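Descriptive analysis of the structure
In case you want the letters, here they are:
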Amino acid sequence: MSTSLPLTDRLNRPIGVLRLSLTARCNLACPYCCPDVEEPPGLLTLEQQMRVIRVATRLGAQTLRLTGGEPLLSRRLLPLLEAVAQARRDRSDPMAGLQAVALTSNGVLLSEPMARALRAAGLDRITISLDAAEGGAAARMAGLQGGAVAGERLVRQVQDGIAAACAAGFDPSRGGLKLNAVIQRGINDDQLLPLAALARQQGMELRLIEYMDVGNRNQWTLDQVLPAAQMVERIHARWPLEPLGRPRGGTARRWRYGDGAGSIGVIASISEPFCGDCNRLRVTADGQAFTCLFSAEGTDLKPALASELQLEQAMRQLWQRRQDRYSEERDPAAAASTHAEMAYLGG
Ligand code: SAM
Ligand code: SF4
């Protein structure tokens, strides 16, 4: 088996992160995301997932992020984490090169036993998504019926999930626990300060995400995007911020609070695209590989999954051919192009 590293694409970008989706289904229905109700046929088995992760790490991936849909809905999550942890302990396994195993979740199912089980199974980091601190906006953003009351219940559930994760050892001050929020102009941009206050209280980094034109169901328009610079300005006016920059291969441009209460990050894929050093490979729950979040179609890895050698060839070729830089080329004036859905891709 070949071990020639580093592998780079046509724009000289290495693989750094494998984002593996475990399910396309979700227990929320955020209108900006619009998840599938049913699972695609042919979900990868545990053995196939391990094969994909092993080959991705052999090709250079150092971070594994498990996502969905909602990954806590997947019965495959804990067995997969346990298998990955075992492989990371084996020095002869390429997975020993993994520096972090992370999870993105809406936090609704993050009970105390679940948080402890995730930690015990070897999970290093959790990013929890919550788009509002107040009930009405939280319900709107999560697609909940039942207005402010339902939204308040969601915010409480997620806060309980945050407390459970902290208690289980996911330490926000070491990057073990972060908060993601998608901001839509006129829909939840009044939640910027309440969300920042909530994250500051918990010592978590808040990551503010520009609303992106992923998928076809959310009716994205540019006027619903609040540029990251404006998000930063509004928070800076309340709690002064100092720039920390964006690490190479990272998605977030980060800022530190001048008063020492932690940091925020902004993911500005619309207003300040970062395709130039994009190092993410996405694999869906049914084994479709996507090299760009904004692609219409993936490459089916299933025919190659029978052997690790074949899979390595397929993934290597896919990465070597890669030249996508959709965000940098986006033309909001052009007719909307077709994109795969966010909950299928895993964000
Ligand atoms: N269900 C999990 C969650 O919400 O964290 C994991 C999957 S979700 C697709 C991953 C991330 O993508 C979430 O932080 C979500 O807010 C973000 N996301 C979904 N649709 C988006 C969109 N159109 N623009 C920007 N971010 C989006
Ligand atoms: Fe579900 Fe996450 Fe999509 Fe919201 S963003 S619908 S929580 S997959």
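Look up: the structure comes first, before these words.
So, here is what we can say about the structure in this document. (Residues numbered from 1 in each chain as written. Chains lettered and ligands numbered in written order. Predicted model: local features only at pLDDT ≥ 70, side-chain atom pairs only at ≥ 80, totals over all residues. Heavy atoms only, no water.)

**Side note on the pairing of strand S2 (residues 63–67)**
- For S2, the tally of buried residues reaches five of five residues, placing the bulk of the element in the interior.
- Across the two faces of S2 the burial is the same, with Thr 63, Arg 65 and Thr 67 and Leu 64 and Leu 66 all buried.
- Sheet topology note: the strand S1 (residues 17–21)/S2 ladder contains five bridges and is parallel. When the bridges of S2 are listed, Leu 20 appears paired with Leu 66.
- Chirality of the crossover, the property in question, places the unit of S1, helix H1 (residues 46–58) and S2 among those that are right-handed. (Buried < 20%, exposed > 50% of the residue type's maximum accessible area, 1.4 Å probe, protein only. Helix = DSSP H or I, 4+ residues; strand = E, 2+ residues; numbered from the N terminus. Pairing = 2+ DSSP bridges. Right-handed = clockwise from strand over helix to strand, strands pointing away.)

**Quick look at the sheet that holds S2**
- Strands sit in the order S7-S8-S9-S6-S5-S4-S3-S2-S1-S10-S11-S12 across an open sheet of twelve strands; the sheet is mixed. Looking at the sheet topology across the chains shown, the edges are occupied by strand S7 (241–245) and strand S12 (299–300).
- With four bridges connecting them, S1 and strand S10 (residues 280–283) associate as parallel partners. In the strand pairing of S10, Leu 20 is matched with Val 283.
- Contacts between helix H8 (residues 308–321) and the sheet are confined to S10, strand S11 (288–290) and S12, with S10 contributing the most and set at about 130° to the helix. (Contact = heavy atoms within 4.5 Å. Axes fitted to C-alpha atoms, helices over the stretch in contact; angles between N-to-C directions.)

**Some remarks on the pairing of strand S8 (residues 253–257)**
- In this sheet, S8 lies alongside S7 in antiparallel orientation, the contact comprising four bridges. Looking across to S8, one finds that Pro 243 is bridged to Trp 255.
- Note: S8 against strand S9 (residues 263–267), four bridges, orientation antiparallel. Bridging across to S9, Arg 254 finds its partner in Gly 265.
- A loop of five residues connects S8 with S9, the two strands running antiparallel in sequence, and Gly 260 in this loop sits at a positive phi of about 85°.

**Quick notes on the pattern of salt bridges**
- In the structure shown here, the tally under the stated rule is 24 salt bridges.
- Note that Glu 308 and Arg 54 form a salt bridge whose closest N and O atoms lie 3.9 Å from each other. Within this pair, whereas Glu 308 is found in helix H8, its partner Arg 54 is found in helix H1, the two being separated by 254 residues in sequence.
- For Glu 308, a relative accessible area of 18% translates into the label buried.
- For Glu 308, the salt bridge is made with Arg 58, and the minimal N-O distance between the two is 3.2 Å. Pair noted here: Glu 308 is in helix H8 and Arg 58 is in helix H1, with a separation of 250 residues, a long-range link. (Salt bridge = Lys/Arg side-chain N within 4 Å of Asp/Glu carboxyl O.)

Everything listed here is a matter of geometry and, on its own, says nothing about what the molecule does.
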